[in-house]
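Read off the chains here:
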Amino acid sequence: MMDVLLEIYYFFAAIERFIGDKHHFVRIGTGYDYVLVFRSGNICDCQGGEKTNGMINLKQMFLIIAVLSAIAVAMTHTVTLFSGQHSWYNLSGSGSNVPCLKCHEDIGLELYSGGVHTSIDCECCHRTSKMVGYAAVNASLVEPGQEAHSASTEECMLCHDGSGIPDTNFTHYYLNESSCLQCHDSAYVVLAAAAGGFGLTPDLCDTGTQAAHRSFVLEAMIADDSLMAGANEACIACHTTIKANIEFNVSTEAKITVNNAYNDSYSYWAVTEITPTNYIPYTEVKE
Amino acid sequence: MRPITFAIILVGLVSVVLLLTSTNVFSLLPDQHKFINIDNPSNDIDCVACHSRIRAELDNSDLHGNLSCEDCHRFEGTGISFAEGGSLATAGEEAHAAYTPRCLDCHDSDGATVAGEYATPARAFCDANYGCEYSAHKALVAKANESSMSVGENEACLVCHTNYSCELDYTYFKDISYSLSNWSFTSFGCSGTRDYTANWNKSGAKHVFLSLDKIDCTKCHENIYDALVIGTPKVNGDYLTHSPIEIHTSGTGGTDWNTNNPWPFGGPNYHDRYHYIPEADRATGVNSSYCYECHNVNKYANENLADKTTYDLGDVTSDTYSTQVHCAEALWCQTCHGNGKTKVVIDNPEQLNTGHSGTNFVDDVTSDYARTFQGDICMGCHEAAVHPSDAQAICTRCHKFGNADVTIKSEPYGYATNI
């Protein structure tokens, strides 16, 4: 016990050395200032920054701490460090019953700030992959989760690939039944438009052969160490307000090889090669 | 307590407080869930956010500066289906947000109206097979179309019409030699290979489009410019290929070719020569307009009405294919000079109908020798190069009897001997 008290004493002494001013206040609680001031080994009780006559010595301090410790030991209730940690959510309902926004409030604020997807629940994107078995309770059948527990990071193309059920990898199995109209109209037509023009949808007319950003999308898809799933880097870069640094490396010159082919009676000029050269790098910053 | 122990405890306490008071986790990439509204038809994504440099280039461009990104890169005249938002959203087929346009998509034979302005057809190159075989740059455009560097023929368009730089590595013959006997060839040969590199250094910006007057022929054809302006320096007059002089041995002016033009011997049509530029004017006078004097007679005539009258350029145009080419015609002296041409071959009066005007000499050059040699065959004499010291005896040898032994170097030099 004495060792603990001495350690407390040393701690407050260190605070004094750290502050360097023996009259600094340490605000504890709200509405009033309770100040412990060390002065020549004494602890004084001060109010409003004025020194009072209620100075106590180290022995008195130890006594106070001993009394408080006795009270703590005698209490029938312990104080929970993390309040609410035993208030369990009921998972028996359909869909996800865990409020994602408790931890991801910032994402909720982004979604609800405008644009598209403002009325779509988290689970409609993050618990909808047919390739993933999520933890769930369906009709009292407990499914512990396989490839993911509560949520997965999914590709934008999961919804925007233009495939129709059952071709799509999308599953409604884990969704709340009340969320239908978030993604379907009253005739149950899917509202998510296909991201055509990259040659990635089943539409035979979707060739993407002329798409200026196709290499961007394809590179986002094939990069093994990519930041996001599928082509999401490309989708996110354009369709959200995310900041992006784009490093371009562009040719500033063409090298053209021109040969004059000839014999005595016939000749022609032949352009045999056109090659881009003199590449320069530059960076675009999307704010 | 040591300070380091104290610091660790303090940081730990602060961390615990933060952990206990914050229920949120922090997003690694903020704003990735802040989706842009694409409810409007056409494009709602701000191209300039990622392509500000290109917008800045356009803002400094002589042409196309008034166009938006969408005007070109979502041009509707191609039949390409782009992704569009709005109540009737379309997915996009050949392209999603944008495509890389072919310049001829707008500048084809029909032209196109873009942003309220008519994009004029790229004459000749917008036609099937890029106009006639006399289009000087047809090989460049055809190769550009074949190249995978850019779509369509854009490489060719860009190097001339924008600030995209170009380096041209030419390979051609070094010199030719021939002998004449009474205006008939007794020998002909070429030798050597000349490598020449021309650089048209510009800023490199492909979206800075040049006004037509800034397209400088002499940059890509610097070897010809040098042949016209510098040539092979010599004490009594440089040897300048590509700049023919009129040869005469009598009449006013003598051989003072720089300042006098006696042709046709002080008669009513006495005038400065069409091709020749006095030495003092060469550095500035050899420019694109000078090139057009021969390589696009129709254009030059329309832009220089006084010369059109003076030199009968209306008739000369009919000898050329200049109305069927994009900017320049591949031609040679015989295009305008020869039997049946507006500018017939003439001789001094004393050789009338006996010199090279009285034979099929010029026509034979056209039919018997490769295009690439024909101009230099003429220049072998019309450059009036090195003559032997015994000029009196030799004059008649060539000027009267049509006997000559000629060697001439190709551009950019032009040193020639004519004995």
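Keep in mind the model is a prediction, meaning the values are calculated, not measured. (Residues numbered from 1 in each chain as written. Chains lettered and ligands numbered in written order. Predicted model: local features only at pLDDT ≥ 70, side-chain atom pairs only at ≥ 80, totals over all residues. Heavy atoms only, no water.)

## Considerations on the overall build of chain B
- In terms of regular secondary structure, chain B is built from 16 helices and six strands.
- Counting across all 419 residues of chain B, residues that qualify as buried make up 41%.
- For chain B, the share of sequence-separated contacts (at least 6 apart) that also reach a separation of at least 24 residues comes to 57%.
- Accessible surface computed for chain B: about 20500 Å², of which carbon and sulfur atoms make up 55%. (Helix = DSSP H or I, 4+ residues; strand = E, 2+ residues; numbered from the N terminus. Buried < 20%, exposed > 50% of the residue type's maximum accessible area, 1.4 Å probe, protein only. Contact = heavy atoms within 4.5 Å. Areas by Shrake-Rupley, 256 points an atom, 1.4 Å probe, with all protein chains shown as cover.)

## Some thoughts on the confidence of the model for chain B
Residue and element names in this part refer to chain B.
- Summing up the model confidence of chain B, the mean pLDDT is 86 and the portion of residues at 70 or higher is 87%.
- Confidence over residues 249-271 falls short of pLDDT 50; this stretch has 47 contacts with residues more than four positions distant or in other chains.
- If you check the scores for this complex, the pTM reads 0.81 and the ipTM reads 0.89. (pLDDT = per-residue confidence, 0-100.)

## Regarding the packing of helix α7 (residues 214-222) of chain A against helix α8 (residues 232-239) of chain A
Residue and element names in this part refer to chain A.
- In contact at an axis separation of 7 Å, α7 and α8 are set at 130° when each is read in the N-to-C sense. Viewed along their axes, α7 and α8 adopt a mutual orientation that is oblique. Counted together, Phe-216, Val-217 and Ala-220 of α7 and Glu-233, Ala-234 and Ala-237 of α8 form the full contact between these two elements.
- In the contact of α7 with α8, the residues fall into five nonpolar, no polar and one charged. (Axes fitted to C-alpha atoms, helices over the stretch in contact; angles between N-to-C directions. Parallel < 35°, antiparallel > 145°, perpendicular 65-115°, else oblique. Nonpolar A, V, L, I, M, F, W, Y, C, P; charged D, E, K, R; others polar.)

## Some details on a nonpolar patch on the surface
Residue and element names in this part refer to chain A.
- Together, Leu-63, Ile-64, Val-67, Leu-68, Ile-71 and Met-75 line one region of the surface with nonpolar side chains, adding up to about 570 Å² of accessible area.
- Inspection of the secondary structure puts Leu-63 in helix α2 (residues 58-74).
- Taking relative accessible area as the criterion, Leu-63 reaches 55% and is therefore assigned exposed. (Patch = residues over 30% accessible without salt bridge, like charges linked within 9 Å, V, L, I, M, F, W, Y side chains within 5 Å. Salt bridge = Lys/Arg side-chain N within 4 Å of Asp/Glu carboxyl O.)

## Side note on the pattern of salt bridges
All names here are of chain B.
- As enumerated under the stated definition, the model contains nine salt bridges over all chains in all.
- Taking the shortest distance from any N to any O, the salt bridge between Arg-53 and Glu-57 comes out at 3.9 Å. With Arg-53 and Glu-57 both in helix α2 (residues 52-59), this residue pair falls four residues apart, about one helical turn.
- The class for Glu-57 is buried, based on a relative accessible area of 13%.
- The partner of Glu-146 in a salt bridge is Lys-143, and the shortest N-O contact between them spans 3.0 Å. With Glu-146 and Lys-143 both in helix α5 (residues 138-146) and three residues apart, this pair spans about one turn of that helix.

## Description of the side chain of Glu-153 of chain B
Residues and elements named next belong to chain B.
- Within the element layout of this structure, Glu-153 appears in the loop between α5 and α6 (154-161).
- Within the structure, the side chain of Glu-153 is placed 2.5 Å from the side chain of Arg-102, a separation counted as a polar contact.
- Sequence-distant contacts of Glu-153, that is, excluding residues within four places in its chain, are made with Arg-102, Leu-104, Tyr-130, Val-141, Ala-144 and Asn-145. (Polar contact = N/O pair within 3.5 Å; in protein donor to acceptor, adjacent residues only side chain to side chain.)

## Things to note about unusual backbone geometry
- Glu-411 of chain B connects to Pro-412 of chain B through a cis peptide bond whose omega is 15°.
- For Tyr-188 of chain A, which is not glycine, the phi torsion reads 65° and is therefore positive.
- Tracing the backbone shows Tyr-188 of chain A in the loop between α6 (180-183) and α7.
- Taking relative accessible area as the criterion, Tyr-188 of chain A reaches 56% and is therefore assigned exposed.
- The backbone of Ala-115 of chain B sits at a positive phi, close to 50°, despite the residue not being glycine.
- Within the secondary structure layout, Ala-115 of chain B lies in the loop between β1 (112-114) and β2 (117-119).

## Topic: the pairing of strand β3 (residues 165-181) of chain B
- Among the 17 residues in β3 of chain B, 13 count as buried, and that is most of the element.
- Relative to β3 of chain B, strand β6 (residues 244-262) of chain A is paired through seven bridges, and the arrangement is parallel. Within β3 of chain B, the position partnered with Ile-256 of chain A by the bridge is Leu-168 of chain B.
- With 15 bridges joining them, β3 of chain B and strand β4 (residues 184-200) of chain B adopt antiparallel strand pairing. Pairing of Tyr-170 of chain B across the sheet is with Tyr-196 of chain B, part of β4 of chain B.
- Connecting β3 of chain B to the next strand, β4 of chain B, in antiparallel fashion are two residues, including Asn-182 of chain B with a positive phi near 50°.
- Of the pairings in the sheet, the one linking β3 of chain B to strand β5 (residues 404-409) of chain B comprises six bridges and is antiparallel in character. Bridge pairing in β5 of chain B places Ile-176 of chain B opposite Ile-408 of chain B. (Pairing = 2+ DSSP bridges.)

## Focus: the environment of His-73 of chain B
- As for its position among the elements, His-73 of chain B is in helix α3 (residues 69-73).
- Apart from the residues lying within four places of it in its own chain, the contact partners of His-73 of chain B are Phe-82, Ala-98, Tyr-99, Thr-100, Pro-101 and His-207 of chain B.

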